[in-house]
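Commentary on secondary and tertiary structure
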Amino acid sequence: MGAFDYQKGELYCERLKVKEIIAAVGTPCYLYSHRALVENYQAFNEAFTCTKHLVCYAVKTNANLTILRTLANLGAGADIVSAGELYLALTAGFKPEKIVFAGVGKTGDEIYDALKNDILMFNVESLPELDLISSVAKKVKKRARISFRVNPDINPQTHHHISTGLAQNKFGININFAAEAYERASLDKFLEVVGVQVHIGSQITTVEPFVEAVEKVFRLLKTLKELALELKYIDLGGGLGITYNDEKPPTPQDLAQALSPLIRKSPYHFIFEPGRYIAGTAGILVTKILYLKETQVKKFVIVDAGMNDLSRPVMYDAYHEIKPVRESGQNEMLVDIVGPICESGDYFAKNRRLPLVEQGDLLAIFNAGAYGFSMSSNYNARPRACEVVVSKNQYYIVRDRETFGDLVSNERLLDIK
Ligand SMILES: *Cc1c(COP(=O)(O)O)cnc(C)c1O
């Protein structure tokens, strides 16, 4: 049985009825399966036993502290993109020596924090950033471990908002000029050049772009060797896709197999940064139907979650499977499933077939564990949803639903004359 399955027409998360959890915690609610999270991590980690490796979970995917703690306890590292995420990762219990730091806009303060905490390495995205890391390292009298994020100019065949390894993207250093960057870094006594990183995009559903990227990285390594530059780490980023609709992405096993000629028995230490693969299928967003509304041309199902809770549909044209929490027969209605927010982009599905549903029914939006809550906002002054983790026959509220007080907690109400 999967983490989210129907038994006698009732949706379960592990061994609990979703309906019963929701009766206690309300909607909208993010519900995560602890078991799915663990299994996804283990599937990824075990696929790469053919080589020395570390799985650094991409914190931005889902940064709930309990989820982070679960992964840290399994031995995972963390891929962070800000000092805020460094704080979350350390708070949750990730070891600094398993933390890698990416991002095109690291500030001096962020670099300082990461250096002070002795993280594994910075994935450097530009030469000005390299200079700043060096000067901060000099100030704190440390050598900063760095790798360059290289941009291999590869089309990962995914949505253009989540392609990151094309020449026109802002990420990384053009792989054709990377050797010069490495030479420059290797002459700097406040820097220790330890690796190379590549991350070409997200929700990638074939192995070819990964293979192509790794081949290009190995060509770079050969060039570097000729310059007497030896690296220790090859960080292959994240990006492995999941099934939202009818995609058939490779499994971690398939990916490992495809990369195996390059990475098996390699002297390098490999790092992977999966996010979506680990958290995506481990979560659902549960929402309640507020109204059924029919116009001359459309039927709308209006629910109590909005694009502030889950913005993937409007941001990435993303598809999410949506089903009633209580199964109610054949698909008979053709509807748009929309939220309460004053934006036409506030939808979860368009022209979707649903079984007959009624006001008050619960809907489950599947595969919402990645880039769901972590991208949520308070738009329209909507308190953010609660987050609940289920393990076997127990549920735990791991983040309370926000209150109206939370909405204004950082404000100062002034009468300015
Ligand atoms: C977003 C991101 C990831 C995770 O990507 P997924 O597609 O969720 O696996 C990994 N590394 C970097 C640098 C990222 O920006």
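All of these numbers come straight from a predicted model, not from anything done at the bench.

Take the environment of Leu65 next. Secondary-structure assignment places Leu65 in helix H3 (residues 65–73). Expressed as a C-alpha distance, the spacing of Leu65 and Gly172, which sit 107 residues apart in the sequence, is 29 Å. Discounting chain neighbours no more than four positions away, the residues touching Leu65 are Leu88, Thr91 and Ala92.

A few words on H3. Turning to H3, its buried residues are Ile67, Leu68, Thr70, Leu71 and Ala72. Among the residues of H3, the N-terminal cap falls to Asn64, whose side-chain oxygen and the backbone nitrogen of Thr66 are separated by 2.9 Å. Within two residues after H3, Gly75 carries a phi angle of roughly 100°, on the positive side.

Moving on to the domain arrangement of the chain. With domains assigned, the chain is organised as domain 1 (4–32 + 280–407) and domain 2 (103–272). Contacts between domain 1 and domain 2 engage eleven residues on the former and eight residues on the latter. On the domain 1 side of the contact with domain 2, Tyr316, Tyr319 and Asn367 bury the most area, a combined 54% of that side's loss. Remark: the boundary between domain 1 and domain 2 carries zero salt bridges.

Bringing the pairing of strand S17 (residues 331–338) into the picture now. Relative to S17, strand S15 (residues 299–303) runs parallel, the two sharing three bridges. Within S17, the position partnered with Ile302 by the bridge is Val338. With six bridges joining them, S17 and strand S18 (residues 347–355) adopt antiparallel strand pairing. Across the sheet, Asn331 pairs through a bridge with Pro355, a residue of S18.

The subject of this paragraph is the site of the ligand. In the vicinity of the ligand lie 15 residues, with Lys60, Ser202, Glu273, Arg276 and Tyr371 positioned nearest. Contacts to the ligand include Asp79, whose side-chain N or O atom sits 3.0 Å from a nitrogen atom. Residue Gly275 places a main-chain N or O atom 2.9 Å away from an oxygen atom belonging to the ligand. In the complex, the protein chains occlude 94% of the 380 Å² of accessible area that the ligand would expose alone.

As paired elements, strand S1 (residues 4–7) and strand S2 (residues 10–13) share four bridges and run antiparallel to each other. The residue of S2 that forms the bridge with Gln7 is Glu10. Linking S1 to S2, which pair antiparallel, is a turn of two residues; within it Lys8 sits at a positive phi near 50°.

In a packed pair of helices, the relevant descriptors are the angle between the two axes and the axis-to-axis distance. The contact between helix H2 (residues 34–47) and helix H9 (residues 252–263) brings their axes to 8 Å, and the two run at 15°. With respect to H9, the element H2 is oriented roughly parallel. Crossing hand, H2 versus H9: right-handed. From H2, Ala43, Phe44 and Ala47 reach across to H9, where they touch Pro252, Gln253 and Ala256. When its residues are assigned to classes, the contact of H2 with H9 shows five nonpolar, one polar and no charged.

Turning next to the side chain of Asp304. As for its position among the elements, Asp304 is in the loop between S15 and helix H11 (312–316). For the buried Asp304, no salt bridge exists, and the shortest N-O distance to an oppositely charged side chain is 5.2 Å, to Lys288. Separated by 2.6 Å, the side chains of Asp304 and Thr27 make a polar contact. Excluding anything up to four places from it in sequence, Asp304 contacts Thr27, Pro28, Thr287, Lys288, Leu290, Asp309, Pro340 and Arg382.

Calculation criteria
- Every chain begins its residue count from 1, and numbering advances along the sequence as written.
- Local features in a predicted model are, by the rule used here, given only for residues with pLDDT of at least 70; side-chain atom pairs are given and counted only at 80 or more, and totals for whole chains, interfaces and linings are based on all residues.
- Calculation of side-chain values draws on the structure's entire complement of heavy atoms; hydrogens and water are dropped beforehand.
- Secondary structure elements are taken from DSSP: a helix is a run of H or I of four residues or more, a strand is a run of E of two residues or more, and numbering for both begins at the N terminus.
- Whether two residues are in contact is decided by their heavy atoms: any pair within 4.5 Å suffices.
- Type-normalised accessible area, obtained with a 1.4 Å probe on protein chains alone, sets the label of each residue: buried when under 20%, exposed when over 50%, and partly exposed for intermediate values.
- Any pair of nitrogen or oxygen atoms within 3.5 Å is treated as a polar contact; in protein, a donor-acceptor pairing is required on top of that, and neighbouring residues in sequence qualify only through side-chain atoms on both sides.
- Delimitation of the domains relies on an automatic or database domain assignment.
- When two parts are put together, the accessible area they lose, computed with a 1.4 Å probe and summed over both, is reported as buried area.
- Counted as salt bridges are all cases of a side-chain nitrogen of Lys or Arg within 4 Å of a carboxyl oxygen of Asp or Glu.
- Whether two strands pair comes down to DSSP finding at least two bridges between them.
- Proximity is defined per residue: any heavy atom of the residue falling within 4 Å of a molecule or strand makes that residue near it.
- In these tables, accessible area is a Shrake-Rupley quantity obtained with a 1.4 Å probe, and a residue counts as shielded only by the protein chains included in the view.
- Inter-axis angles, ranging from 0 to 180 degrees, are taken between N-to-C directions of lines fitted to C-alpha atoms, where helices are fitted over the stretch in contact.
- Any angle that falls under 35 degrees is termed roughly parallel, while one over 145 is termed roughly antiparallel, one within 65 to 115 roughly perpendicular, and all others oblique.
- Less than a right angle of anticlockwise turn of the near helix away from the far helix marks a crossing as left-handed, whereas a clockwise turn marks it as right-handed.
- Only Asp, Glu, Lys and Arg are considered charged in this grouping, and only Ala, Val, Leu, Ile, Met, Phe, Trp, Tyr, Cys and Pro are considered nonpolar; every other residue, Gly among them, is considered polar.
- Counted as positive: Lys and Arg. Counted as negative: Asp and Glu. His and the chain ends are not counted at all.

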